Amino acid sequence: MIAILSDAHGNLEALKAVISDMSQRSIKEKIFLGDAVGYGPDPEPVLEILMEQCSILVQGNHDRAVIDPELEEYFNDAAREAILWTRSVMSERAKGFLKNLPLTLSSKREGIDIFLVHASPRAPEEWNYILTLSDAHRNFYYFQEKLCFIGHSHYPFVVEMTGSRQISVRYERPCKFNRDSRYIINAGSVGQPRDGDPRACYVIFNGTEVDFIRVPYNIELTQQKMRKAGLPYSLIERLSKGV
């Protein structure tokens, strides 16, 4: 069984809770889909854990913004403030690691060809969101693998394209793979869920199905750390609401 994580966003309490949950399952490998940093109060400790625990990491837009100031203009005020703070507290070694992360990666896991990207396979360097079925339909033509795992929106979902190119959202959990179908799967967010459920989220999959795992963590401690660091109020408040 493979675990797919995304969008930890410097939230050490959430990441530790997820790692602990994984230790109780038959997880043989962990893969990270980007945004180790940004928003949260523990960017470097989170990155260190991900570097140690994950066999594959790809670059997210917040990871990129820490080492590329030109990207700041695409962030809202609160996110930009968090990026500036994150840049100020991270070591050059950690920044160098983020800089060298790939945008995409193709591999085979559990006998299935998979494509890994933070935002979208169509234009990974533009950090576009996949939010609608139209977005998903367009992106299916930019990867050949059976499964494409993404993050970025912090909203977990499974979209299926059948062999006849019919497209739909799959709501059942776990979601079993159909032989002739391909899938875009959003792993949700470890550190800042936005689907109305404040618990940390990650994905597990094997050769036949994918499932979403929700894990409670000490949100109050993360919020205390954010206040101490002087991070924006809106980023602190949203954690307890999962938005």
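Scroll up to find the structure this text is about.
Residues numbered from 1 in each chain as written. Predicted model: local features only at pLDDT ≥ 70, side-chain atom pairs only at ≥ 80, totals over all residues. Heavy atoms only, no water.

A.B. asks: Give a description of the overall build of the protein that names residues and reports values.
C.D. replies: A tally of regular secondary structure across the protein gives eight helices and twelve strands. The dimensions of the protein, computed from C-alpha atoms along their principal axes, are 50 × 40 × 30 Å. Every one of the 243 residues in the protein was classed for burial, and the buried ones make up 58%. Accessible surface computed for the protein: about 10500 Å², of which carbon and sulfur atoms make up 48%. Side-chain charges of the protein comprise 29 positive and 32 negative groups, with the mean position of each set lying 3 Å from the other. (Helix = DSSP H or I, 4+ residues; strand = E, 2+ residues; numbered from the N terminus. Buried < 20%, exposed > 50% of the residue type's maximum accessible area, 1.4 Å probe, protein only. Areas by Shrake-Rupley, 256 points an atom, 1.4 Å probe, with all protein chains shown as cover. Lys, Arg positive; Asp, Glu negative; His and termini not counted. Charge placed at Lys NZ, Arg CZ, Asp CG, Glu CD.)

A.B. asks: How would you summarise helix 4 (residues 77-89) if you had to cite specific residues and measurements?
C.D. replies: Given a rise of 1.5 Å per residue, 13 residues ought to cover 18 Å, and the 19 Å separating the end C-alpha atoms of helix 4 matches this to within 8%. Buried within helix 4 we find Ala78, Ala79, Ala82, Ile83, Trp85, Thr86 and Arg87. Where helix 4 is buried, its residues meet helix 2 (43-53), helix 3 (61-67), helix 5 (92-99), helix 7 (219-229) and helix 8 (233-239). (Expected span 1.5 Å × (residues − 1). Contact = heavy atoms within 4.5 Å.)

A.B. asks: Give a description of the sheet that holds strand 12 (residues 209-215) that names residues and reports values.
C.D. replies: Taken in spatial order, the six strands of this open sheet run 3-2-1-11-12-9, and their pairing is mixed. The two strands at the open ends of the sheet, each matched to only one other strand, are strand 3 (56-57) and strand 9 (175-176). The strands that helix 1 (residues 12-22) touches are strand 1 (2-5), strand 2 (29-32), strand 11 (200-205) and strand 12; relative to strand 11, the one it contacts most, it runs at about 30°. (Pairing = 2+ DSSP bridges. Axes fitted to C-alpha atoms, helices over the stretch in contact; angles between N-to-C directions.)

A.B. asks: Give a description of the packing of helix 2 against helix 5 that names residues and reports values.
C.D. replies: At a minimum axis distance of 11 Å, the contact between helix 2 and helix 5 shows a crossing angle of 55°. Taken together, helix 2 and helix 5 sit at an angle that is classed as oblique. Considering how the two elements wind past one another, helix 2 and helix 5 form a crossing that is left-handed. Taken together, the residues of helix 5 that come into contact with helix 2 (itself represented by Glu44, Leu47, Glu48 and Met51) are Arg93, Ala94, Phe97 and Leu98. (Parallel < 35°, antiparallel > 145°, perpendicular 65-115°, else oblique. Left-handed = near helix turned anticlockwise from the far one by under 90°.)

A.B. asks: Before we move on, could you go through unusual backbone geometry and cite the residues and values that matter?
C.D. replies: A cis amide bond links Arg173 to the next residue, Pro174, at an omega of -5°. Positive phi values are uncommon outside glycine, yet His9 reaches one of about 50°. Looking at the secondary structure, you find His9 in the loop between strand 1 and helix 1. With relative accessibility at 2%, the residue His9 sits in the buried group. The phi angle at His154 is positive, at roughly 70°, despite the residue not being glycine. Tracing the sequence through the fold places His154 in the loop between strand 6 (147-150) and strand 7 (157-161).

A.B. asks: I'd like a description of the pairing of strand 5 (residues 112-117), backed by residues and values.
C.D. replies: Within strand 5, five of the six residues are buried, which leaves it mostly tucked inside the rest of the structure. By the bridge criterion, six bridges tie strand 4 (residues 104-109) to strand 5 in an arrangement that is antiparallel. Across the sheet, Ser107 pairs through a bridge with Ile114, a residue of strand 5. Summarising the sheet, strand 5 and strand 6 pair through three bridges and their orientation is parallel. Within strand 6, the position partnered with Ile114 by the bridge is Leu147. As a crossover connection, the stretch from strand 5 through helix 6 (residues 133-139) into strand 6 is right-handed. (Right-handed = clockwise from strand over helix to strand, strands pointing away.)

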